[in-house]
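# Summary of the model geometry
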Amino acid sequence: MTRYIPIQTQAIPGDLDIAPPVQQALDEGRPVVALESTIITHGMPYPQNLETALKLEAEVLAHGAVPATVAIVHGRLKAGLSHGEIEALARAGPSAIKVSRRELGLVVAAGQTGATTVASTMLIAAKAGIRVFATGGIGGVHRAAAQTFDISADLQELARTPVAVVCAGAKSILDLGLTLEYLETHGVPVVGYQTSTLPAFFTRESAFALPWRLDTPDQIAAALHAQWRLGLSAGMVIANPIPHAFAMPASVIARAIEQALQDAAGQGISGKATTPFLLERVNAITGGDSLAANIALVLNNARLACAVAAALARLG
Ligand code: PSU
Ligand code: MN
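Residues numbered from 1 in each chain as written. Chains lettered and ligands numbered in written order. Predicted model: local features only at pLDDT ≥ 70, side-chain atom pairs only at ≥ 80, totals over all residues. Heavy atoms only, no water.

## Examining the packing of aromatic side chains
- For the coordinates displayed, the defined rule picks out one aromatic pair.
- Judged by centre distance (4.9 Å) and plane angle (80 degrees), the rings of Phe201 and Phe202 are edge-to-face. Comparing Phe201 with Phe202 shows no difference in burial state: the two are buried.
- For the cation-ring pair, Lys171 lies above Phe201, with the distance from its terminal atom to the ring centre recorded as 4.0 Å. (Phe/Tyr/Trp six-rings, centres within 6.5 Å; stacked < 30°, edge-to-face > 60°. Buried < 20%, exposed > 50% of the residue type's maximum accessible area, 1.4 Å probe, protein only. Lys NZ or Arg CZ within 6 Å of the ring centre and 35° of its normal.)

Written out as structure tokens, the structure is:
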């Protein structure tokens, strides 16, 4: 049973497999939280990626929602993976295909397996009838985008697909100001959860003020419900700062990012390889601290996503 206009218009394709516990929760109007898989393959090293992916699913279950990790497996769109499927992606790591909206048809036609980005996870979640998605950070407008035109497909997806993305803002490998401008142009609300500035992933704050701050999951759910009731097709960015205990010194992160950007320029990295390259460099330069921070913030986002999904379910 679907409740919001934008999703009612989307046919569920024969190419989509919704895991039985996910389908059952959706049928009964219980909360479901989507999780992405590029964070597993390209966002963290093995074996921490596997541990984190499984911990995330357990965290979602412990907070009263059903997890649906999204990926493409042998050409099938999957909303909900088995632990074996998660493990295979985690072990494949960056050798797995990173699948954004652009790659979906190609990977399905070839019967291949791949990891979904924020954009393709949103798209598959929406087709499955899932409204809330938790991840670490979204893609955005890259620094120097005026020359490179490098703008993540995540932003266009947010403009067209009605799924709420709970994240810790975005890493400042991106131009955060331009990312906010782009989202404004395309009608995507960016809401600070208990904060008035855009969190910058490893740090709780940035120099960029957010026009909207909401302090409870119920307020967020009410805003989503109204947005979709109005027939607006956009998603929403719910920016949730990293927990205090794991926030990192801004200067340490800034230095690591500058170094990573220099390395990328030096090696002529471009296209879809850019973000994974930068993520890997920042991880390597900052070592274990940033990995611990990354894991902590994703778990924190999963908990907020559960609360938002529950509040949305109560609104019916
Ligand atoms: N930012 C992170 N961690 C990630 C990603 C981004 O801090 O794992 C991943 C997400 O899957 C996101 C993708 O959707 O990178 C964006 O890639 P691109 O810039 O190529 O669109
Ligand atoms: Mn790009």
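## So, the side chain of Asn49
- Inspection of the secondary structure puts Asn49 in helix H4 (residues 48–62).
- For Asn49, the side chain forms a polar contact with the main-chain oxygen of Ile40, separated by 2.8 Å.
- Residues in contact with Asn49, not counting those within four places in the same chain, are Ile40, Met44 and Ala90. (Helix = DSSP H or I, 4+ residues; strand = E, 2+ residues; numbered from the N terminus. Polar contact = N/O pair within 3.5 Å; in protein donor to acceptor, adjacent residues only side chain to side chain. Contact = heavy atoms within 4.5 Å.)

## What to know about the site of ligand 1
- Residues in close proximity to ligand 1 total 15 residues, the closest being Glu36, Lys98, Ser152, Asp154 and Thr275.
- Between ligand 1 and Glu36, the relevant distance is 2.6 Å, taken from an oxygen atom to a side-chain nitrogen or oxygen of the residue.
- Within the side chain of Lys98, a nitrogen or oxygen atom sits 2.6 Å from an oxygen atom of ligand 1.
- Coverage of ligand 1 by the protein amounts to 93% of the 470 Å² it exposes when considered alone. (Near = heavy atom within 4 Å. Areas by Shrake-Rupley, 256 points an atom, 1.4 Å probe, with all protein chains shown as cover.)

## Some points on the side chain of Glu36
- Its location among the elements puts Glu36 in the loop between strand S2 (32–35) and helix H3 (38–41).
- With no salt bridge to any partner, buried Glu36 finds its closest opposite charge in Lys98, at an N-O distance of 9.0 Å.
- Within the structure, Glu36 has its side chain in polar contact with the side chain of Thr135 (distance 2.5 Å).
- Not counting the four nearest positions on each side in its chain, Glu36 is found in contact with Thr69, Val70, Thr116, Thr117, Val118, Thr121, Phe133, Ala134 and Thr135. (Lys, Arg positive; Asp, Glu negative; His and termini not counted. Salt bridge = Lys/Arg side-chain N within 4 Å of Asp/Glu carboxyl O.)

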